[in-house]
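Structural characterization, general
The chain contents come next:
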Amino acid sequence: MTDVPVDSAASARTSAPEGLTLAEEEELRSELAKVEEEIGTLRQVLAAKERHCGELKRKLGLTPLDGLKQNLSKSWHDVQVSNAYVKTSEKLGEWNDKVTQSDLYLSASSTLEDWNEKLTQSEAYKKTQETLSQAGQKTSAALSNVGSVISRKLGDMRNSATFKSFEDRVGSIKSRVVGSRENSTDGLHSPSGAGDKPPQDNAPF
């Protein structure tokens, strides 16, 4: 016996879903097609509106970052005025009041204050403060002494015979160089023999 192939698409079209007649199915399919066509049209209109909105923003000098900030601000405002946020804030306030007014919280706060007072009044704490203060004073004095020693050493070095001898040598070398430059300049402006000849008087008799 030979198997005859059956077109599943054709069978799907001819067999209506359970509880629907063929007429009802055709009506629903027609309505679905219209809705899908309307969705496509709306998408095209939305894309055109978005392009127009982008052009207006560009002309106004608005950047995408400005739009993002505006959207975030609006979203945060919507969250703050939402019922969930308001109820959560109220609950947190009630919990905070209950915690701060509880005996456990008050006892813990009093204990911490006592520990802080005992610590600041203890001998170890006072000695530590005194040690740190003395260390700071000693460090400042040491730095001041170092600066004084360096200044004194520099003064002694300048007053030493070696430094003065070196300074004298530099001065003599400088004077020789300056003198040689002046002599060479005078030689260029005053040629030899030019000053021995008296000027000629070309005036007519």
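Residues numbered from 1 in each chain as written. Predicted model: local features only at pLDDT ≥ 70, side-chain atom pairs only at ≥ 80, totals over all residues. Heavy atoms only, no water.

Notes on the overall build of the chain
Of regular secondary structure, the chain possesses 7 helices and 0 strands. The order of α-helices and β-strands along the chain, N terminus first, is α-α-α-α-α-α-α. By the burial criterion, 1% of the 205 residues in the chain qualify as buried. As presented, the chain carries roughly 19,100 Å² of accessible surface, and 58% of it is formed by carbon and sulfur atoms. (Helix = DSSP H or I, 4+ residues; strand = E, 2+ residues; numbered from the N terminus. Buried < 20%, exposed > 50% of the residue type's maximum accessible area, 1.4 Å probe, protein only. Areas by Shrake-Rupley, 256 points an atom, 1.4 Å probe, with all protein chains shown as cover.)

Looking at the pattern of salt bridges
Tallied over the entire structure, the rule returns 2 salt bridges. The closest approach of N and O atoms between glutamate 25 and arginine 29, which form a salt bridge, is 3.0 Å. One end of the pair, glutamate 25, and the other, arginine 29, are both in helix 2 (residues 22-60), 4 residues apart, so they sit about a helical turn from each other. Overall, the relative accessible area of 48% leaves arginine 29 in the partly exposed class. Linking aspartate 78 and lysine 74 is a salt bridge whose minimum nitrogen-to-oxygen distance equals 3.3 Å. Of this pair, aspartate 78 and lysine 74 both sit in helix 3 (residues 64-81), 4 residues apart, which is roughly one turn of the helix. (Salt bridge = Lys/Arg side-chain N within 4 Å of Asp/Glu carboxyl O.)

What to know about a nonpolar patch on the surface
Side chains of Trp76, Val79, Tyr85 and Val86 sit close together on the surface and give an oily, nonpolar patch of about 340 Å² of accessible area. Looking at the element boundaries, tryptophan 76 is found in helix 3. (Patch = residues over 30% accessible without salt bridge, like charges linked within 9 Å, V, L, I, M, F, W, Y side chains within 5 Å.)

Details of the packing of aromatic side chains
Tallied over the full model, the rule gives 1 aromatic pair. For the pair tryptophan 76 and tyrosine 85, a centre-to-centre distance of 5.8 Å together with 80° between the ring planes defines the contact as edge-to-face. (Phe/Tyr/Trp six-rings, centres within 6.5 Å; stacked < 30°, edge-to-face > 60°.)

Here we look at the confidence of the model for the chain
Taken over all residues, the pLDDT of the chain has a mean of 79, while the share at 70 or more is 79%. The least confident element of the chain is helix 1 (residues 8-14), whose mean pLDDT is 46; the most confident is helix 2, at 94. Every residue in residues 4-12 scores below 50 in pLDDT, and together they form 1 contact with partners more than four places removed in sequence or on other chains. (pLDDT = per-residue confidence, 0-100. Contact = heavy atoms within 4.5 Å.)

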